[in-house]
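Report on the structure
Given next are the chains, with one letter for each unit.
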Amino acid sequence: MWQLDTDVVLISDPRVSAVPVRECGEPLADVRGRLRVDTRMADADGAYAHLRAGLLDRLEQAESALPDGFHLLIVEGYRPIATQRRIFEGYRAELLTTFPDMTPDESYIAASRYVSPVEVAPHTAGAAVDLTLCAPDGTEYDMGTEVNDNPEESGGACYTAAAGIPAEARAHRKILAAVLEPVGLVNYPTEWWHWSYGDRYWAMSTGAPAALYGPAPF
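Note that the structure is a prediction, hence the values are computed from the model and not measured. Residue indices follow the written sequence of each chain, beginning from 1 at its first position. The predicted origin of the model limits local features to residues at a pLDDT of at least 70 and limits the giving and counting of side-chain atom pairs to 80 or more, whereas totals for whole chains, interfaces and linings rest on all residues. Water and hydrogen atoms play no part in the side-chain values, which are based on all heavy atoms of the structure.

**Some words on the overall build of the protein chain**
Secondary structure is summarised from DSSP: a helix means a run of H or I of at least four residues, a strand means a run of E of at least two, and numbering begins at the N terminus for each. Along the backbone of the protein chain there are seven helices and seven strands. Start at the N end of the protein chain and walk to the C end: the helices and strands fall as α-β-β-β-α-β-α-α-β-α-α-β-β-α. With C-alpha atoms as the basis for the radius of gyration, the globule rule is written as 2.2 Å multiplied by the number of residues raised to the power 0.38. For 218 residues, the compact-globule formula gives about 17 Å, and the C-alpha radius of gyration of the protein chain, at 16 Å, lands near that figure. Based on the C-alpha atoms only, the size of the protein chain along its principal axes is roughly 50 × 40 × 35 Å. Each residue's exposure class comes from its accessible area (1.4 Å probe, protein chains only) as a fraction of the maximum for that residue type: buried when under 20%, exposed when over 50%, partly exposed otherwise. A buried classification covers 52% of the 218 residues belonging to the protein chain. Only heavy atoms enter the contact rule, under which two residues are in contact if any of them lie within 4.5 Å. Sequence-distant contacts in the protein chain: of pairs separated by 6 or more residues, those separated by 24 or more amount to 70%. Accessible areas in this description were obtained via Shrake-Rupley with a 1.4 Å probe; residue shielding takes into account the shown protein chains only. Put simply, the protein chain shows about 9,800 Å² of open surface, and 52% of that area lies on carbon and sulfur atoms. Positive charges are assigned to Lys and Arg, negative charges to Asp and Glu, while His and the chain termini are left out of the count. By convention, the point assigned to a charge is CZ for Arg, NZ for Lys, CD for Glu and CG for Asp. Distance between charge centroids for the protein chain: 5 Å, based on 17 positive and 32 negative side chains.

**Considering the sheet that holds strand β4 (residues 71–76)**
Note on sheets: strands pair through backbone hydrogen bonds, and any given pair is parallel or antiparallel. The five strands lie next to each other as β2-β4-β5-β7-β6, forming an open sheet whose pairing is mixed. Only two strands of the sheet have a single neighbouring strand rather than two, namely β2 (36–37) and β6 (186–188). For every element, the axis is a line fit to its C-alpha atoms; helices are fit only across the contacting stretch, and the angle between N-to-C directions ranges from 0 to 180 degrees. Packing against the sheet, helix α2 (residues 53–65) makes contact with β2, β4 and β5 (128–134), and its axis sits at approximately 150° to β4. At least two DSSP bridges between two strands are required for those strands to pair.

**Here's the deal with the pattern of salt bridges**
Each reported salt bridge corresponds to a side-chain nitrogen of Lys or Arg within 4 Å of a carboxyl oxygen of Asp or Glu. Tallying each qualifying case throughout the model produces 11 salt bridges. Between glutamate 63 and arginine 36 there is a salt bridge; the shortest N-O distance is 3.9 Å. With a gap of 27 residues between them, glutamate 63 in helix α2 and arginine 36 in strand β2 connect regions that are remote in the sequence. Take glutamate 63: its relative accessible area is 17%, and that puts it in the buried class.

**What to know about α2**
Given a helix with a known number of residues, its expected span is that number minus one, times 1.5 Å. Between its first and last C-alpha, α2 extends 19 Å over 13 residues, near the 18 Å set by a 1.5 Å rise per residue. When α2 is considered as a whole, its buried residues turn out to be Ala53, Gly54, Leu55, Leu56, Leu59, Ala62 and Glu63. Looking at the buried residues of α2, the elements they touch are β1 (28–30), β2, β3 (50–52), β4, β5 and α6 (167–180).

**Side note on the packing of helix α3 (residues 81–98) against helix α4 (residues 104–111)**
For any two helices packed against each other, one specifies the inter-axial angle together with the distance between the axes. Two elements in contact, α3 and α4, have axes separated by 9 Å at closest approach and are oriented at 125°. On the basis of the axis angle, α3 is oblique to α4. In this structure, α3 crosses over α4, and the sense of that crossing is right-handed. Touching Phe88, Tyr91, Arg92, Leu95 and Leu96 of α3 are Pro104, Ser107, Tyr108, Ala110 and Ala111, all from α4. Polar here means any residue other than Ala, Val, Leu, Ile, Met, Phe, Trp, Tyr, Cys and Pro, which are nonpolar, and Asp, Glu, Lys and Arg, which are charged; Gly is therefore polar. Here the residues of the contact of α3 with α4 are counted per class, giving eight nonpolar, one polar and one charged. Angles are sorted into four bins: roughly parallel if under 35 degrees, roughly antiparallel if over 145, roughly perpendicular if 65 to 115, and oblique for all others. Handedness of a helix crossing follows the sense of rotation of the near helix relative to the far helix, less than a right angle counterclockwise being left-handed and clockwise being right-handed.

**With respect to the nonpolar core**
Only buried residues count toward a nonpolar core, which is a set of Ala, Val, Leu, Ile, Met, Phe, Trp, Tyr and Cys residues joined through side-chain atoms within 4.5 Å. With 59 residues, the main nonpolar core has Leu59, Leu131, Leu176, Leu180 and Leu185 as its most contacted residues. It is α6 that provides the largest number of residues to this core, a total of six residues.

**Thoughts on the packing of aromatic side chains**
Between the rings of Phe, Tyr and Trp (Trp by its six-membered ring), a pair exists once the centres lie within 6.5 Å; its type follows the angle of the planes, with under 30 degrees stacked, over 60 edge-to-face, and the other angles tilted. Scanning the model with the defined rule gives eight aromatic pairs in all. Arranged with centres 4.8 Å apart and planes meeting at 65°, the rings of tyrosine 91 and tyrosine 114 form a pair that is edge-to-face. Of the two residues, tyrosine 91 sits in helix α3 while tyrosine 114 sits in the loop between α4 and β5, which places them 23 residues apart along the sequence. The exposure classification of tyrosine 91 matches that of tyrosine 114, with both residues buried. Taken together, the ring pairs connect Tyr197, Trp202 and Tyr213 into an aromatic cluster.

**Focus: unusual backbone geometry**
Positive phi is not limited to glycine here, since asparagine 148 has a value of about 80°. Mapped onto the secondary structure, asparagine 148 falls in the loop between β5 and α5 (151–154).

**Considerations on α6**
Taking 1.5 Å per residue as the helical rise, α6 with its 14 residues ought to reach 20 Å, and the 20 Å between its terminal C-alpha atoms agrees with that figure. Buried residues along α6 sit against α2, β4, β5 and β7 (191–196).

In short, geometric facts, not functional conclusions.
As structure tokens, this is what we get:
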């Protein structure tokens with residue numbers, strides 16, 4: 001049966017949804033041409049390559065702080081609400097099939113380890129970025145799992161602090177954190193690749209009185 005790590009505050013936690021949103025009105029900005037962008041999650045409209053302008057500025061600061069030979073590789077930023085809902089409900093349905101004894105409430109919580117419920121989803125606000133590290137030629141560094149590996153297929157190795165991943169991968173995760181945390185981003189602990197700024201999870205994690213970004217139109 002699936003197990004919940006009680007040391008991790010999931011995005012489905014009521015403490016997250018209780019955070020108010022005070023939308024600052026900052027526009028979405030195109031990441032392409034400013035940072036390296038991967039196309040594995042590309043959509044026809046290019047939504048995936050957009051982030052709130054303030055978040056993109058912070059990522060550029062992080063990029064400039066990386067050691068020689070390392071670059072940020074952006075995989076996905078903004079996500080339309082319909083896409084977010086489809087991913088969440090699809091994964092939730094997979095969990096209910098895999099674990100038939102799971103209750104509806106448990107499936108909601110378990111699904112939030114990997115994808116946010118649409119009501120609080122930072123990707124729909126342009127406030128979250130999925131990213132990894134790459135070499136100057138675009139070769140991705142070993143991070144212990146692939147971006148978007150879920151807890152079941154990775155055996156829990158997708159958790160940022162997972163034990164048992166190679167030492168090199170752990171070092172690369174530390175490099176990522178060492179440049180993203182100083183510019184104000186917070187990590188979602190069940191996904192080493194997911195970092196955000198200005199959303200409700202960020203506000204809950206940092207003690208900010210409110211989120212800066214709510215769902216944004218594209």
